[in-house]
Amino acid sequence: MANILGLHCSVLEGFGKLSIVILTEENDIVTNVFRSPSVFSFKDNIGEILNWHKDNVLSLISLYKIDAVVVKKTERNSFNGRPKKSGFFKLYLEGVMLSLAGSHGIKNRHLEKTSIVALLNQKDIYEKTLEEIEVIHKIELDNTPTRLDTAPIKESLLAVLAYRNILAQ
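This section reports on the structure supplied with the text. Note that the structure is a prediction, hence the values are computed from the model and not measured. (Residues numbered from 1 in each chain as written. Predicted model: local features only at pLDDT ≥ 70, side-chain atom pairs only at ≥ 80, totals over all residues. Heavy atoms only, no water.)

Turning our eyes to something else, we now look at the overall build of the protein chain. Looking only at helices and strands, the protein chain features five helices and five strands. Put simply, the protein chain has 169 residues, and 50% of those count as buried. Expressed as a percentage of contacts within the protein chain between residues at least 6 apart in sequence, the contacts between residues at least 24 apart total 65%. (Helix = DSSP H or I, 4+ residues; strand = E, 2+ residues; numbered from the N terminus. Buried < 20%, exposed > 50% of the residue type's maximum accessible area, 1.4 Å probe, protein only. Contact = heavy atoms within 4.5 Å.)

Once the charged atoms of two side chains with opposite charge are near each other, the side chains can pair. Per the counting criterion, the structure on display carries five salt bridges. Where aspartate 149 meets lysine 17, a salt bridge forms, and the shortest distance between an N and an O atom there is 2.9 Å. Linking aspartate 149 in helix α5 (residues 147–168) with lysine 17 in strand β2 (residues 15–23), this pair joins segments that are 132 residues apart in sequence. Considered together, aspartate 149 and lysine 17 belong to a single accessibility category, that of buried residues. Taking the shortest distance from any N to any O, the salt bridge between aspartate 124 and lysine 128 comes out at 3.3 Å. Of the residues examined, lysine 128 reaches a relative accessible area of 22% and is grouped as partly exposed. (Salt bridge = Lys/Arg side-chain N within 4 Å of Asp/Glu carboxyl O.)

Below, the discussion takes up the pairing of β2. Most of β2 sits out of view: eight of its nine residues are buried. Across nine bridges, the pairing between strand β1 (residues 4–12) and β2 is antiparallel. Bridge pairing in β2 links serine 10 to lysine 17. (Pairing = 2+ DSSP bridges.)

Once that is clear, we can look at the side chain of arginine 164. Relative to the helices and strands, arginine 164 is located in helix α5. Buried and unpaired, arginine 164 has no salt bridge, with aspartate 28 as the nearest side chain of opposite charge at 10 Å. (Lys, Arg positive; Asp, Glu negative; His and termini not counted.)

By the element assignment, histidine 8 lies in strand β1. In this structure histidine 8 comes out as buried when scored by relative accessible area, which is 14%. When neighbours within four sequence positions are excluded, histidine 8 is seen to be in contact with Lys17, Leu18, Ser19, Lys72, Pro152, Glu155 and Ser156.

Pasting the structure below:
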């Protein structure tokens, strides 16, 4: 087994959000949500915003001795026409997190929803609540996420569980 860090990048009310789920070798779950400065300052402060997220993730990698990183990929159908600044921010942040893992010799993967469903072998897993997923996979979150953080935490959790299946093969 491995300590796996799952990431989901999103934008909420103009602020970059990185939702994190760590699955430890002991089957413990650690959750966290980092909110960055406004993505509308993307052109001016992109380096600062990305470094802020990168530093947070680096500290988690060290603290939890992370062996693998998985990013829940932004779906292609999320964009109608040309992506907005928030869409570019999510895609760029996903790439930065995977690059960060790779540059530290950590296994990493980008997973889309269809891959996650296939790897978990549960067609209706996205219709399940976090509580139902906890029961199915015999895990327990370290805390109850807020209403606004529930969906991104769920995305990160499912990506981590799916990546665990890849690493177990």
